[in-house]
Amino acid sequence: MIVGIVGGGQLARMLALAGQPLNFEFLILDPAPDASAAPLGTHMCGNYNDQALLADFAKRADVVTYEFENVPLESIKYLSEHATVHPSHHTLAIARDRMREKTMFRELGIPTPPFAEVNSRTDLENAVTEIGLPAILKTRTLGYDGKGQAILRSLGDLDIAWKQLGSMPLILEGFIPFNREISVIAIRGLQGETKFYPVSENIHRDGVLLLSTSCPDDPMQQHAQDYAKRLLDSLNCVGVLALELFQVGETLLANEMAPRVHNSGHWTIEGAETSQFENHLRAILGLPLGATTPVGYAAMVNFIGTIPKSEQVLALPGAHLHNYGKEERPGRKLGHATLRAQNEQVLLEGIDRLLTLAQPETET
Ligand code: AMP
């Protein structure tokens, strides 16, 4: 079986690693000569809208998937006409546009923060009147890891935010004083069967995910799962879909979805019976889905901008290091470590030690 992956970053790399024991082969389409996933498959190096390259890629792959939402939609549409693509380009079109995805959440009865479409300065003023402040102005597409966003705390912030983002289609969202952020990783197979991992509790730093902790038996599990299932079924989605939610009291508000393997699910490699990566491959190839049962307690810490020495991480009991082989650059995800423990107390102690390794600049 040959799996084509559009995008050759760490998510593609971990998909390819999960597919090796099953004897799958990988075609990696990515313009970067040093793409993280390139050593794990056949690297087709070129532009995402190079039609000749796309045609060759589609011909050679038995199934095509993608590792990020910001791939040109036209390219995924083209690939869909020449190969089997999961999740569908229709799902991608919704997930990459914050306005369309929030509208879909609302239509499916999934609560969201208040939001309004903003296409002009007048729209922005009307949206602020309707939603109130504080609020967050976001680009509808191409935003990730907190990029393409501005927080509006007072009317005086409107000018600068509009200057920064006004050239793009925008969405204004009410600023939610959430108790915590969680996500649920869900999978749907070719026959419509679904499975869900325990929810992850997520902590971000500067808009980038820093820590995900798996929460077996979380009181919000069923709630989060029901929302994810509504989305999967309504989209007729095949593969992994991650749903990010804000918890406010006993209410969950949907922030965004990603029809792909997700950073908050990396702990599943060591912390679950079957990883999100293997399950995504199983789903898109029509194979039986694997159990999502957790194996002990698990958490994941991202290494952003800098990565500790291997020996420092590996000296921690229960720690597993994943180095993506990328050059150090501020804000770049270079690797992560998963920590597995038999009880919560041991896990929490290990997380503290991992966070100290992950953020050396904040040490005193
Ligand atoms: P996003 O790119 O939408 O996932 O936003 C990045 C991060 O910004 C989220 O993980 C939250 O921590 C924060 N954030 C985004 N939208 C909101 C909101 N409406 N209210 C409060 N915080 C938000």
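What you see is a predicted model; the values in this text were computed from it and never measured.

Quick notes on the rules
- Residues numbered from 1 in each chain as written.
- Predicted model: local features only at pLDDT ≥ 70, side-chain atom pairs only at ≥ 80, totals over all residues.
- Heavy atoms only, no water.
- Axes fitted to C-alpha atoms, helices over the stretch in contact; angles between N-to-C directions.
- Helix = DSSP H or I, 4+ residues; strand = E, 2+ residues; numbered from the N terminus.
- Parallel < 35°, antiparallel > 145°, perpendicular 65-115°, else oblique.
- Left-handed = near helix turned anticlockwise from the far one by under 90°.
- Contact = heavy atoms within 4.5 Å.
- Nonpolar A, V, L, I, M, F, W, Y, C, P; charged D, E, K, R; others polar.
- Domains from an automatic or database assignment.
- Near = heavy atom within 4 Å.
- Polar contact = N/O pair within 3.5 Å; in protein donor to acceptor, adjacent residues only side chain to side chain.
- Areas by Shrake-Rupley, 256 points an atom, 1.4 Å probe, with all protein chains shown as cover.
- Pairing = 2+ DSSP bridges.

### With respect to the packing of helix 2 (residues 51-60) against helix 3 (residues 73-82)
Any two packed helices are characterised by how steeply their axes cross, that is the angle between the axes, and by the distance between the axes. Where helix 2 meets helix 3, the closest approach of the two axes is 9 Å, and the angle between their N-to-C directions is 40°. As summarised for this structure, helix 2 and helix 3 are arranged oblique, according to the angle between their axes. Between helix 2 and helix 3 lies a crossing of right-handed hand. Contact with helix 2, carried on its side by Gln-51, Leu-54, Ala-55, Phe-57 and Ala-58, involves Ser-75, Tyr-78, Leu-79 and His-82 of helix 3 and no other residues of that element. In terms of residue class, the contact of helix 2 with helix 3 is built from six nonpolar, three polar and no charged.

### Some points on the domain arrangement of the protein chain
Assigned domains of the protein chain: these are domain 1 (2-85), domain 2 (114-174) and domain 3 (180-362). Each of domain 1 and domain 2 has a C-alpha centre, and these two points are 34 Å apart.

### Concerning the site of the ligand
In the region of the ligand, 16 residues are neighbours, and Lys-138, Gln-149, Ile-176, Glu-181 and Glu-256 sit closest. In the environment of the ligand, a nitrogen atom lies 2.9 Å from a nitrogen or oxygen atom belonging to the backbone of Gly-174. Here an oxygen atom of the ligand and a side-chain polar atom of Glu-256 are 2.8 Å apart. Protein chains bury 92% of the 470 Å² of accessible surface belonging to the ligand in isolation. For the shell around the ligand, the elements supplying multiple residues, two or more each, are strand 6 (135-139), strand 8 (170-174), strand 13 (239-248) and strand 14 (251-258). Residues from two domains meet in the shell around the ligand; each of domain 2 (114-174) and domain 3 (180-362) gives at least three.

### Re the sheet that holds strand 5 (residues 115-118)
Taken in spatial order, the four strands line up as 5-8-6-7 in an open sheet, and their pairing is antiparallel. Every other strand in the sheet has two partners, leaving strand 5 and strand 7 (149-152) as the edge strands with one partner each. Along the sheet, successive strands turn relative to each other by an average axial angle of 20°, direction set aside. In the packing of helix 5 (residues 98-107) onto the sheet, the strands contacted are strand 5, strand 6, strand 7 and strand 8, and the crossing angle to strand 5 comes to about 145°. The strands touched by helix 6 (residues 121-131) within the sheet are strand 5, strand 6, strand 7 and strand 8, with strand 5 carrying the most contacts at an inclination of about 170°.

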